[in-house]
Amino acid sequence: QVRLVESGGGLVQPGGSLRLSCTASGLGISFIDMGWYRQAPGKERELVARSRSGGSPDYTDSVRGRFTVFRDNAKNTIYLQMNNLKPEDTAVYYCNTDGSGALRGNYWGQGTPVTVSS
């Protein structure tokens, strides 16, 4: 059974930083793409950053230069380092992967909430 578990969310002041983690079980992440999405209240879920198994990561324009996605394959974990946070970054952040091969699917974590407020 594939499972994604996020952690690291919380309340932070504008300009602050948080690091989110997503640990996978049931599949190895070394050769698959992983993504971070977010959903703010009343808005659709959007892709924030994608960590590719080969190649450079992708970022949505609103976070480029502030957020960094990286992975530790040995720990089967991806991270989202978020710096210079803004109130508009407030959302529930989700980890996602489509898996691969026999474990192809659409897998989501339970989400971790991030609130940026003074």
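Described in the following lines is the structure provided in the data block.

Conventions and cut-offs
Residues numbered from 1 in each chain as written. Predicted model: local features only at pLDDT ≥ 70, side-chain atom pairs only at ≥ 80, totals over all residues. Heavy atoms only, no water. Salt bridge = Lys/Arg side-chain N within 4 Å of Asp/Glu carboxyl O. Helix = DSSP H or I, 4+ residues; strand = E, 2+ residues; numbered from the N terminus. Buried < 20%, exposed > 50% of the residue type's maximum accessible area, 1.4 Å probe, protein only. Core = buried A, V, L, I, M, F, W, Y, C linked by side-chain atoms within 4.5 Å. Lys, Arg positive; Asp, Glu negative; His and termini not counted. Polar contact = N/O pair within 3.5 Å; in protein donor to acceptor, adjacent residues only side chain to side chain. Contact = heavy atoms within 4.5 Å. Phe/Tyr/Trp six-rings, centres within 6.5 Å; stacked < 30°, edge-to-face > 60°.

Digging into the pattern of salt bridges
Going through the model one piece at a time under the given rule, you end up with seven salt bridges. One salt bridge connects Arg52 with Asp33, and the closest N-O pair in it is separated by 3.4 Å. Of this pair, Arg52 sits in the loop between β5 (46–51) and β6 (58–59) while Asp33 sits in the loop between β3 (18–25) and β4 (34–39); the two residues are 19 residues apart in sequence, bridging distant segments of the chain. Judged by relative accessible area, Asp33 falls into the partly exposed class, the value being 33%. Note that Arg64 and Asp61 form a salt bridge whose closest N and O atoms lie 2.5 Å from each other. Relative accessible area serves as the criterion here: at 47%, Arg64 is assigned to the partly exposed category. Among the ionic contacts, a cluster of salt bridges with common partners joins Asp33, Arg50, Arg52 and Asp58.

Considering the nonpolar core
Of all hydrophobic cores here, the largest spans 29 residues; its most connected members are Met34, Trp36, Val48, Phe67, Leu80, Met82 and Tyr93. Mapped by element, the contributors of at least two residues to this core are β3, β4, β5, β7 (67–72), β8 (77–82), β9 (91–97) and β11 (112–116).

Quick notes on the side chain of Glu6
Note on placement: Glu6 falls in strand β1 (residues 3–7). Arg45 provides the closest opposite charge to the buried, salt-bridge-free Glu6, at an N-O distance of 7.5 Å. Here Gln110 takes part through its backbone nitrogen, which lies 2.9 Å from a polar atom of the side chain of Glu6. Here Glu6 is in contact with Ser21, Cys22, Trp36, Tyr93, Tyr94, Cys95, Gly109, Gln110, Gly111 and Thr112, once residues within four sequence places are set aside.

Structural notes on the environment of Asp98
You can see Asp98 is positioned in the loop between β9 and β10 (107–108). Spatially, the C-alpha atoms of Asp98 and Met34 are 7.8 Å apart, while their sequence positions differ by 64 residues.

Thoughts on the packing of aromatic side chains
Summed over the entire model, instances satisfying the criterion amount to three aromatic pairs. For the pair Phe70 and Tyr79, a centre-to-centre distance of 5.0 Å together with 20° between the ring planes defines the contact as stacked. Tyr79 gets classed as buried once you look at its relative accessible area, which sits at 14%. Measuring from ring centre to ring centre gives 6.3 Å for Tyr94 and Trp108, while their planes differ by 85°; the resulting arrangement is edge-to-face. Residue Tyr94 is located in strand β9, and its partner Trp108 is located in strand β10; the two are separated by 14 residues in the primary sequence. Given the relative accessible area of 14%, Tyr94 is considered buried. Judged by relative accessible area, which is 33%, Trp108 ranks as partly exposed.

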